[in-house]
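The chain contents come next:
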Amino acid sequence: MVDDSPSGMPESLTRHTDYGHDGLLEDDVVGHPLAHFAQWIRDAEQADIFEPNAMVLGTIDPDGRPSSRTVLLKGLDVGENGGPGALEFVTNYRSHKGRALLANPLATALFPWYLLKRQVIFTGHVQPTEPTLSDDYFNRRPHGARLAAIASDQSEPVASRGILEARMAELEHEFPEGEPIPRPEKWGGFRFIPETVELWQGRSMRFHDRLLFTYHADGTWTRERLQP
Ligand SMILES: Cc1cc2nc3c(=O)[nH]c(=O)nc-3n(C[C@H](O)[C@H](O)[C@H](O)COP(=O)(O)O)c2cc1C
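For clarity, every value in this text was computed on a predicted model and none was experimentally measured. Note on numbering: residues in each chain are counted from 1, in written sequence order. Side-chain atom pairs in this predicted model are given and counted only at pLDDT of 80 or more, local residue features only at pLDDT of at least 70, and totals for whole chains, interfaces and linings cover all residues.

**Considerations on the site of the ligand**
- Each residue receives a C-beta atom built from its backbone; the residue is near a molecule or strand if that atom lies within 6 Å of it. Taken together, 16 residues are adjacent to the ligand, and Thr 91, Ser 95, His 96, Lys 97 and Ser 155 come closest.
- In this text, helices come from DSSP runs of H or I with a minimum length of four residues, and strands from runs of E with a minimum of two, each type numbered from the N-terminal end. If one sorts the elements of the shell around the ligand by residue count, strand β2 (residues 66-72) sits on top with 5 residues.

**Some details on the nonpolar core**
- Core analysis: the biggest nonpolar cluster contains 25 residues, and Leu 87, Ala 109, Val 120, Phe 192 and Val 197 have the highest contact counts within it.
- Looking at this core, the elements that each hand over two or more residues are α1 (33-46), β1 (54-60), β4 (86-92), α2 (96-103), β5 (106-113), β6 (118-128), β7 (187-201) and β8 (209-215).
- A per-element tally of this core places β7 first, with 5 residues. Only buried Ala, Val, Leu, Ile, Met, Phe, Trp, Tyr and Cys residues enter a nonpolar core, and they are joined through C-beta atoms within 7 Å. For every residue, the other C-beta atoms within 10 Å of its own C-beta are counted; 20 or more classify it as buried, 12 or fewer as exposed, and values in between as partly exposed. C-beta atoms are placed from the backbone.

**Here we look at unusual backbone geometry**
- Although it is not a glycine, Lys 117 adopts a positive phi angle of roughly 55 degrees.
- As for its position among the elements, Lys 117 is in the loop between β5 and β6.
- Assessed through the 16 C-beta atoms surrounding it within 10 Å, Lys 117 is described here as partly exposed.
- Unusually for a residue other than glycine, Arg 206 sits at a positive phi of about 60 degrees.
- With respect to the element layout, Arg 206 can be found in the loop between β7 and β8.
- The exposed category is assigned to Arg 206, around which 10 C-beta atoms lie within 10 Å.

**What to know about the pairing of β4**
- Within β4, 5 of the 7 residues are buried, which leaves the element mostly enclosed by the surrounding structure.
- Note on pairing: two strands pair once DSSP finds at least 2 bridges between them. Relative to β4, strand β3 (residues 75-77) runs antiparallel, the two being bridged by 3 bridges. Of the residues in β4, the one forming a bridge with Leu 76 is Leu 87.
- By the bridge criterion, 6 bridges tie β4 to β7 in an arrangement that is antiparallel. Residue pairing in the sheet places Val 90 in a bridge with Gly 189 of β7.

**Notes on the pairing of β6**
- With 8 bridges connecting them, β5 and β6 associate as antiparallel partners. Counterpart to Ala 109 in the pairing with β6 is Phe 122.
- As judged from the 11 bridges shared by β6 and β7, these two strands associate in the antiparallel manner. The residue bridging Gln 119 from the neighbouring strand is Trp 200, located in β7.

This is the structure we're talking about:
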């Protein structure tokens, strides 16, 4: 609904922001599209974007319903050894998303870098990472984050925050700082294998640039420009 005289409506709903002139041309993307994506993450780091590696992960539940949430990109294969490359993230395998992905590996991943007027959208499928890689990711987490991964049955309801805090206190007693903490089986990594990558660069007058890269079984990528 468009309201020209918004009373009490946030001002941004009727604001019209121009997205500037920095374009994305075909010749700007040389080599593997994930190498260009890696450069865009570095640009987001330079621009001081909060959590430049945050992505919105879209999944399909076993009953066919879509759902989405943010996760952090923790590993990136930019296809240096050929192939489609990969994005890695960590989570709870028994969470809502974990169960969805284990039942149906098709997924999307979207990086929203509004400050840079950029977005990258991946479609593809996931597979759990090797247990040893999940161990590496787990062991690199700060002590508290490792305990939280054990304490939380992610996505399950809980009667109060107090119950979770009591669980954390028990774990802090059981595993003082410096003690080895075994990775719980419920927690680990997923590797997202891209099938398509869309690089989106906002431009003036909503006349944006969109380059869609599609990976093929013979190991090649094709590129198309999409209308904005
Ligand atoms: C910036 C940000 C980063 C997050 N990173 C992760 C992450 O790496 N892994 C994760 O499981 N959840 C992460 N979350 C929490 C998820 O968005 C989500 O609440 C949680 O994973 C449960 O999702 P689910 O119930 O759909 O499985 C993050 C949330 C935000 C806002």
